[in-house]
Each structure stands twice: as C-alpha cells, then as structure tokens.
Amino acid sequence: MKRFLLFLLFLPLTTQAQLPEVLLLDTILARVERVHPRLRQYDAQAKAADAYAAGARVWMAPRVGAGPFMVPYSANRRGEDMGMQSGGSVMVMAEQGLPNRARQRANESYLRSQANVDRETRAYTRNQLRADVKQNYYDWLMLQKKLHVLEKTERLMEFALRSIELRYKYGGEKLSDAYRAQAALQLHHVEEMELEGQLKERRANLNTLLVRDPQTLFYIDTTYHLRALDRSLDTTELAQARSDVRALDQSLVRNQLQQQLERTAARPEFAVQAQHMQGLGSMPNQYTVLGTMSVPFAPWASRQYKANVAGMQLEAQALREQRADLLNQAAGKVEALNARRRAQYEQVLLYKKNVLPAVLKSYRATLLAYEQNTETFSAVLQAWETLRNTRLAAVDQEQQLLQLQVEFEREQEQ
C-alpha cells in the first residue's frame, strides 16, 4: 500500500518531466550557435591558423655530418703523393642557418591573417544558419495560425450542419445540401492534415539545425507581434555589417601580407658552417669556419618572386572588384526588399482592418438571411468558403511579410 501511495505521489512529477519543452526563438538561435558543427569547424580552423603562426619564428634545424677527409686511394703511395706519412683525416661538420627576422615576422603575420578570414567566414555561416532558423520558426508559427483558422472555420461549418440537419428533419432543406456541407468539411480536414505534415517538416528542420534527432518533440512559443519596419543600411554601413564583405577585406589584408612575405625573398639568407678534421697518422688536426650568403637579387634568381608579387597584385585587384560588386548587389537587394516589405506590411494591415471584418460581416449576414429563409444554403456555403479562404490568405500575407523580414535581416546580418 505504501508503494502504491508513493507511486501516486511521484506520478505527476514524472509526467511533468516528460512534457516536451517549449523553445523561444532566441533559445534556438543560441543553441544552434553553440552546437552546430559547421560553426565549430571554423573555430577549429581559426585555432589551427594561430597554431601554425606560433611556429613561424623558429630557427632552422642544424645540419651535422661526419666522414673521411682527404684520404688517399692507394695506401702504398700515400707517402710519395703527400710527401709525408699520412692517412688523411676524419671530418666532423656542423652547419646552422641564421633566421631572417623580417621574413619570419612577415610569415607569422601572413599565417595569422588566415585565422581572421576563417572567423569572418564563420560569421557569414552563422548568419545563414540564423536565417534558416528564423524561416522555419516563423513558418511553424504561421502554420499553427492557419490550423487555428481552420479550427475556427470548422466550428462555423459544424453549426451550419446542425442547422441543415434540423431543417431537413422538418422538410425545410435538401439532402444534397447536407452532403455538400459534409464534403466541404472533409476537404477542410484534408487541408488540416496537409498543414500538420508541413508543421512536422519544420520541426524536423529545426531539430536538424539543433543537431539532434529529427523526431525530437518540442513546441515553440506562439506569442508573436509584427515588428516595426527597420530602415535599410547604406553602403558604408553594409560594408561594416556584412561578414562576407569583411571576409573579402581580410582576404585583401592577407594578400598584402603575402606580398610582403614574397618580397622578403629578395633579402639574402646567411648560414655558418664549422668543420673539424681529426688527422690520421702524422696528419695534423685542421678546422674550417665558413660563412655563406645567398644572392637572391641576381637577375636570373629574382624573376620568380617578382612575378609572384605581380600576380598577387592582380589577385588583390580582383578581390577589390569582387568586393565592389558584392556591395553593389547587396545595396540594391536590401533596398528592393525594403520596398517590398513596406508594400507587404500595408497589405497585412489592410487585411486586418478592412478585408477580414468585411468578409466576416458578409458571412454573418448571409447566415442570418439563411436562418430567416431568405437565402439558400449554397450562398451560406459560398460565404463560408470565402471567409475561410480570406482568413488563410491573410495568414499567407503575414507569412510573406515574415519571409521578407528574414531575407532583409539576412542581407543586413541583423
């Protein structure tokens, strides 16, 4: 008995713990940014570039060697050939290249610049993911709103059906009108099933963006208010706001650093070599200390880095043209989206203030006339379909406004 009472005591807690969670838009956006593997990929790439740059200022590895030195081929004639009794020497050699500090600094800056490009690419990907989340979230909201519209409209038809059945019982209505109403109601249910399937699709899309099982059940917050229209950014503000433009800026910086690195190839490189010869027989010990310097500015050697610098300058020009084209396209698209948003916003307000109330009054007037036997059921059915379609069209107008809002925010990275 005690076990049963304990089971009843903890049953509500268990049931409550298993209820699907309700997620806000900001919560989903924060989770996607934290767990999505595409964003974590760019984080790892940026850290890898910093790791590569950390080893840019190391010294070159020393070289060592050992072997015989000036040992004659013929041991019988070595006294005649050398003028003395000798067996040559055993040589030990060590060589160390001296780092070119200017080249190392240029190489470090060049390697670190790749991390900045990766971070801006991550910001661009983050913006695309945020837009995908918003699109699916708002679609889900509008689908729920459509289902609510269909539910309200279904109650109106059920009321009309009860009126038809009552009239038919007393011979005041045709049986065909009842069948037409039943058929309209069944088509109404088919539309509900289609909307529920689309809603599940949006849930699966959001689960995929959250990197979890697509069948995970959760709900979203249905409270929603239309936002006021934002102004469009000018070209200067767009250049600062858009991560793809900033990524091109970082690519230009990286190109300039690469040119600086390539120009350091014109500077000579130095090395120091020390050799010790341990004499064999009566051969004395000897040593050699040698300093070497490359001559990269020789005409036949300087052609390569000069050609590389010229090619990088042309690549920089191409990046600047690409940046200008991107900004031009973005500014035009933002302004076009803003114009469409203004027009769409006016249409949404027109539906709410004028169209929907007028259609609802028309339906009520037709239904009242039908109840007073001054109108046919066909007129009621037509008015009901008009009311349902107008309500759904109003939701479609609002959904189009939200889609434009998402595209507008995607372009301006808001």
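Residues numbered from 1 in each chain as written. Predicted model: local features only at pLDDT ≥ 70, side-chain atom pairs only at ≥ 80, totals over all residues. Heavy atoms only, no water.

- The protein goes by TolC family protein in an unreviewed UniProt entry, where it is assigned to Hymenobacter defluvii.
- Its UniProt record gives the protein the following Sequence similarities (unreviewed entry) comment, quoted word for word: "Belongs to the outer membrane factor (OMF) (TC 1.B.17) family." (UniProt positions renumbered as here; feature names shortened; annotations may be inferred.)

## Concerning the environment of P68
Then comes step 1: Along the polypeptide, P68 turns up in strand 2 (residues 63–69).
Then comes step 2: Of the residues examined, P68 reaches a relative accessible area of 68% and is grouped as exposed.
Then comes step 3: Taking the C-alpha atoms as reference, P68 lies 9.9 Å from L280; in sequence the two are 212 residues apart.
Then comes step 4: When near neighbours in sequence (up to four residues on either side) are disregarded, P68 contacts S89 and V90. (Helix = DSSP H or I, 4+ residues; strand = E, 2+ residues; numbered from the N terminus. Buried < 20%, exposed > 50% of the residue type's maximum accessible area, 1.4 Å probe, protein only. Contact = heavy atoms within 4.5 Å.)

## Observations concerning the packing of aromatic side chains
Then comes step 1: Throughout the structure, instances matching the rule amount to 2 aromatic pairs.
Then comes step 2: With a centroid separation of 6.3 Å and 80° between ring planes, the pair formed by Y137 and Y138 is classed as edge-to-face.
Then comes step 3: Residue Y138 is classed as buried on the basis of its relative accessible area, which comes to 10%.
Then comes step 4: Relative to F218, the ring of W140 has its centre 5.2 Å away and its plane inclined at 65°; by these criteria the two rings are edge-to-face. Highlighted residues: W140 in helix 5 (residues 101–169) and F218 in the loop between helix 6 (175–209) and strand 4 (219–220), separated in sequence by 78 residues. Taken as a pair, W140 and F218 share a single burial class, namely buried. (Phe/Tyr/Trp six-rings, centres within 6.5 Å; stacked < 30°, edge-to-face > 60°.)

## Some points on the packing of helix 9 (residues 299–371) against helix 10 (residues 377–412)
Then comes step 1: Between helix 9 and helix 10, whose axes approach to 8 Å, the crossing angle comes to 160°. If you check the angle between helix 9 and helix 10, you find them roughly antiparallel. In this structure, the crossing between helix 9 and helix 10 has a hand that is left-handed.
Then comes step 2: When grouped by side-chain class, the residues that make up the contact of helix 9 with helix 10 number 24 nonpolar, 10 polar and 8 charged. (Axes fitted to C-alpha atoms, helices over the stretch in contact; angles between N-to-C directions. Parallel < 35°, antiparallel > 145°, perpendicular 65-115°, else oblique. Left-handed = near helix turned anticlockwise from the far one by under 90°. Nonpolar A, V, L, I, M, F, W, Y, C, P; charged D, E, K, R; others polar.)

## A few points about the UniProt feature "coiled-coil region" (unreviewed entry) in the protein
Then comes step 1: According to UniProt, the feature "coiled-coil region" (unreviewed entry) maps to residues 302–329 and 387–414 in the numbering used here.
Then comes step 2: Within residues 302–329, the helical portion is 100% and the strand portion 0%, while the C-alpha atoms at the span's ends are 41 Å from each other.
Then comes step 3: The span residues 387–414 shows a helical share of 93% and a strand share of 0%, and its end C-alpha atoms are spaced 37 Å apart.

## Remarks on the confidence of the model for the protein
Then comes step 1: Averaged over every residue, the pLDDT of the protein is 84; the share at 70 or more is 88%.
Then comes step 2: The spread of mean pLDDT over the elements of the protein runs between helix 1 (residues 2–17), the lowest at 43, and helix 2 (residues 25–35), the highest at 92.
Then comes step 3: In the predicted structure, residues 1–17 sits below a pLDDT of 50 and forms 0 contacts with residues beyond four places in sequence or in another chain. (pLDDT = per-residue confidence, 0-100.)

## So, the pattern of salt bridges
Then comes step 1: Summed over the entire model, instances satisfying the criterion amount to 23 salt bridges.
Then comes step 2: Measuring nitrogen to oxygen at the nearest pair gives 3.4 Å for the salt bridge that ties R202 to E201.
Then comes step 3: Residue R202 is classed as buried on the basis of its relative accessible area, which comes to 15%.
Then comes step 4: Classification of E201 by relative accessible area gives partly exposed; the value is 43%.
Then comes step 5: R410 is the partner of E407 in a salt bridge, and the nearest nitrogen-oxygen pair spans 3.4 Å. A residue pair is termed a helical-turn pair when its members lie 3 or 4 positions apart in one helix, as E407 and R410 do in helix 10 at 3 residues. (Salt bridge = Lys/Arg side-chain N within 4 Å of Asp/Glu carboxyl O.)

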